[in-house]
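The chain contents come next:
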Amino acid sequence: VTTQNDDGDDSSPPQPASTDRERIVILGSGWGGLNALKKCGGEGKDITIVSPRPHFLYTPLLAGSAVGTTTLRSVCEPIRAVIENSWTTDAKFIRADARAIDAAKKTVSLKTGDGDASLELPYDKLVIAVGAQPNTFGIPGVQENALFLKEAEDSAKLHARLLSNLERAAAAIACGECNQVVDALLTVVVVGGGPTGVELCAELADFRKDDIERRYGREVADRFRIVLAEAMPRVLGPFDPQLADLARTHLETRGVEVREKCAVTGVTADAVTYQPSLPRGATAEQKAEASKQAKTERVGALVWAAGIGARPVVKKLAQQLGQGENARGLKVDDRLQVLGADGVFAIGDCALSGNAPTAQVAAQQGKYVGRAIRDRSTDPFQYKHAGSLCCLGFGNAIAQLQPQHQAWRSLHSAANTKVVGEDQRAVTGAPAFALWRGMYFTQLLSPSTRWSVSADWIRTSLQGRDMNEPVLKRTMTPAESE
């Protein structure tokens with residue numbers, strides 16, 4: 001039965017199309033949308049994928065691209081190339097932003113640009129895989145002043161800010177100006193102690209040790225500060241506490257200041273305000289005491305990796321279907337069909353399916369929905385957790401694995417791996433790092449991407465990271481401005 005097969009159906013092309021064609025629209029080009037695209041092709045299917053992003057972004061390597069370990073070109077796969085190299089070569093791609101969904105008329109309203117007219121795209125089956133956007137929790141100044149790490153553009157902005165601040169600080173130090181302005185420029189605050197925040201801090205620590213000291217000097221490297229702020233009692237909440245403590249200790253030995261139970265209450269262009277975090281049912285006295293302990297610190301860059309929220313198109317549909325005014329996502333049944341909307345599926349971060357908002361979940365849900373549309377299957381979705389990985393810098397990582405078969409459990413027992421959680425196995429250090437790189441390398445989509453990422457890793461090891469500052473906005477030369 002093809003719906004029970006994981007990836008074997010990739011090797012079988014769809015059957016010739018019939019005259020009675022079903023219109024399938026996929027919103028989103030991430031893990032969920034791409035896997036749905038690869039599985040739903042078949043007889044009588046017209047497939048259209050819609051996304052404002054013309055590429056698939058390989059998110060596990062995004063933190064590395066922010067410091068030049070890998071280049072953005074290596075971690076982005078053009079959607080049109082993905083379609084060309086798959087069995088669903090008759091699929092169409094539309095670069096547009098989905099603004100609204102009319103579940104009654106079965107149409108999607110699209111915008112290709114702010115000044116362009118709205119386009120209407122009809123569908124018979126709709127897969128909503130638009131992911132999520134950063135959640136600022138209404139904290140003043142975050143949206144306007146923070147950097148994020150969700151899209152390729154976010155990585156480019158962070159990379160440019162880091163290199164610009166390093167040059168400004170190095171120039172000031174060279175001219176004898178070793179003041180608080182320099183310290184602020186060389187302070188990077190990462191808010192959010194999940195895997196994204198931890199991996200970014202680890203990359204920044206490697207960047208300081210391997211590249212800043214060599215290219216900017218010891219004084220600049222010694223004054224380069226990395227701060228990780230987490231509002232919860234510990235970092236890496238999804239991991240076993242022992243592994244989370246190991247990760248925190250490792251970061252601290254690498255010079256990262258880890259601040260747990262630390263809440264951000266305000267952000268400006270060059271400063272951040274902290275105070276002790278409070279439980280949800282905090283009393284007025286507790287809130288007043290926390291406010292007294294508030295502290296403002298000047299920073300050169302603040303990266304917000306502290307949570308996700310629903311995108312506008314998801315909120316609009318949830319409201320239209322009576323699922324709530326401020327829904328965190330779309331409510332779905334056990335077949336990932338949106339409640340109250342015929343022929344509409346929601347997968348990944350935009351779906352309230354009871355699973356964690358991870359790439360692993362989105363990929364499995366995408367495959368499931370693609371097969372369900374192709375084969376008209378009604379079996380419920382079952383998530384199979386393989387484990388969690390987190391890189392702690394070059395040569396170090398933690399892995400919390402969930403062996404699916406008895407043979408794997410026996411192998412782990414023979415290797416004397418530590419048992420954590422509910423029959424999960426822990427791997428740490430160099431073996432976990434090899435697993436982290438090997439696992440994600442095998443999931444790269446094309447030979448050219450694998451070659452590019454391999455070349456980046458080799459270049460970083462031999463020559464250092466990419467220190468070319470991304471050109472985000474071209475400035476005119478004096479001759480052009482006259």
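Preceding block: the structure.
These numbers come from a predicted model, not from an experiment. (Residues numbered from 1 in each chain as written. Predicted model: local features only at pLDDT ≥ 70, side-chain atom pairs only at ≥ 80, totals over all residues. Heavy atoms only, no water.)

Participant: Sorry, what's going on with the overall build of the chain here?
Facilitator: Per the secondary structure count, the chain includes 16 helices and 26 strands. In the chain, buried positions account for 48% of the 482 residues. Within the chain, contacts between residues separated by at least 24 positions form 65% of all contacts whose residues are at least 6 apart in sequence. For the chain, the accessible surface area stands at approximately 23200 Å², while carbon and sulfur atoms represent 52% of it. (Helix = DSSP H or I, 4+ residues; strand = E, 2+ residues; numbered from the N terminus. Buried < 20%, exposed > 50% of the residue type's maximum accessible area, 1.4 Å probe, protein only. Contact = heavy atoms within 4.5 Å. Areas by Shrake-Rupley, 256 points an atom, 1.4 Å probe, with all protein chains shown as cover.)

Participant: Before we go on, may I ask you to explain the packing of aromatic side chains in this structure?
Facilitator: When we look at a pair of aromatic rings, we describe it by the centre distance and by the angle of the planes. Inspection of every chain in the model, using the stated rule, returns nine aromatic pairs. Both rings, one in Trp31 and one in Tyr58, keep their centres 5.4 Å apart while their planes meet at 50°; by these two values the pair is tilted. In this pair, Trp31 is assigned in helix α1 (residues 31-40) and Tyr58 in the loop between β3 (55-57) and α2 (62-65), connecting sequence segments 27 residues apart. On the accessibility criterion, Trp31 (14% relative accessible area) is buried. The class of Tyr58 is buried, set by a relative accessible area of 2%. Geometrically, the ring pair formed by Phe394 and Phe433 is edge-to-face, given 5.3 Å between the ring centres and 65° between the ring planes. Note that Phe394 is positioned in the loop between β23 (387-391) and β24 (397-401) and Phe433 in helix α14 (residues 429-442), a separation of 39 residues in sequence. Phe394 sits in the exposed class, given a relative accessible area of 53%. Given a relative accessible area of 10%, Phe433 falls into the buried group. By way of ring pairs, the aromatic residues Trp31, Phe56, Tyr58, Phe394, Phe433, Trp436 and Tyr440 are connected into one cluster. Cation over ring: Arg259 sits above Tyr274, and NZ or CZ is 5.0 Å from the ring centre. (Phe/Tyr/Trp six-rings, centres within 6.5 Å; stacked < 30°, edge-to-face > 60°. Lys NZ or Arg CZ within 6 Å of the ring centre and 35° of its normal.)

Participant: What am I meant to see in the side chain of His55 here?
Facilitator: Following the sequence through the fold, His55 ends up in strand β3. Residue class for His55 comes out buried when judged on its relative accessible area of 14%. For His55, the contacting residues outside a window of four places in its chain are Ser29, Cys76, Glu77, Pro78, Ile79 and Ala152.

Participant: Where do I start with the pattern of salt bridges in this structure?
Facilitator: Side-chain pairing between opposite charges can occur once the charged atoms of the two side chains come close. Within the structure shown, the criterion is met by 27 salt bridges. Across the salt bridge formed by Lys45 and Glu22, the nearest N and O atoms sit 3.8 Å from each other. With a gap of 23 residues between them, Lys45 in strand β2 (residues 45-51) and Glu22 in strand β1 (residues 22-27) connect regions that are remote in the sequence. For the pair Lys45 and Glu22, one class covers both residues: buried. What emerges from the salt-bridge pattern is a single network uniting Lys209, Asp210, Asp211, Arg214 and Arg465. (Salt bridge = Lys/Arg side-chain N within 4 Å of Asp/Glu carboxyl O.)

Participant: Can you help me understand the sheet that holds β1 in this one?
Facilitator: Either a parallel or an antiparallel arrangement is found when strands of a sheet pair, and the pairing is made through backbone hydrogen bonds. With parallel pairing, the five strands of this open sheet are ordered in space as β5-β2-β1-β9-β21. The strands lining the two open edges of the sheet, one partner per strand, are β5 (92-95) and β21 (344-346). Strand-to-strand, the axes of this sheet are offset by a mean angle of 20°, without reference to chain direction. Two strands pair when backbone bridges link them, and strand β9 (residues 125-128) and β21 are joined in this way by three bridges, in the parallel orientation. By the bridge assignment, Leu126 is partnered in β21 with Val344. (Pairing = 2+ DSSP bridges. Axes fitted to C-alpha atoms, helices over the stretch in contact; angles between N-to-C directions.)

Participant: Where do I start with the packing of α14 against helix α15 (residues 447-463) in this structure?
Facilitator: Each pair of packed helices can be described by the angle between their axes along with the distance between the axes. Put simply, α14 and α15 touch, their axes get as near as 10 Å, and they point 150° apart. Taken as axis vectors, α14 and α15 run roughly antiparallel relative to one another. Of the two possible hands of crossing, α14 and α15 adopt the one that is right-handed. Residues Arg437, Phe441 and Thr442 of α14 touch α15, and the partners they reach there are Arg450, Ser454 and Trp457. Considering only residue class, the contact of α14 with α15 consists of two nonpolar, two polar and two charged. (Parallel < 35°, antiparallel > 145°, perpendicular 65-115°, else oblique. Left-handed = near helix turned anticlockwise from the far one by under 90°. Nonpolar A, V, L, I, M, F, W, Y, C, P; charged D, E, K, R; others polar.)

Participant: What is the right way to read the sheet that holds strand β16 (residues 271-276) from this model?
Facilitator: Spatially, three strands are ordered β15-β16-β17 in an open sheet, and the strand pairing comes out antiparallel. Bordering the open sheet on either side are β15 (262-267) and β17 (295-298), each of which pairs with just one other strand. Averaged over all neighbouring strand pairs, the angle between strand axes comes to 35°, with direction disregarded. As paired strands, β15 and β16 are joined by five bridges and run antiparallel to one another. In the strand pairing of β16, Val267 is matched with Val272.

Participant: What am I meant to see in unusual backbone geometry here?
Facilitator: Trans peptide bonds make up the majority, and among non-glycine residues the majority have a negative phi. Look at Lys106: it is not a glycine, yet its phi comes out positive at around 55°. The topology assignment puts Lys106 in the loop between β6 (97-102) and β7 (107-111). The backbone phi angle of Lys261 is positive, close to 55°, even though this residue is not glycine. Note that Lys261 resides in the loop between β14 (256-260) and β15.

Participant: Teacher, can you tell me more about the nonpolar core here?
Facilitator: Looking at soluble globular proteins, one finds that nonpolar side chains tend to be buried together. Counting residues in each nonpolar core, the largest one holds 122 residues, and the members touching the most others are Leu27 and Ile128. Not counting residues up to four positions away in its chain, the partners in contact with Ile128 are Leu27, Ile101, Leu317, Leu330, Val344, Phe345, Ala346, Ile347 and Cys350. Of all hydrophobic cores here, the second largest spans 16 residues; its members include Ile139, Val189, Val191 and Trp304. (Core = buried A, V, L, I, M, F, W, Y, C linked by side-chain atoms within 4.5 Å.)

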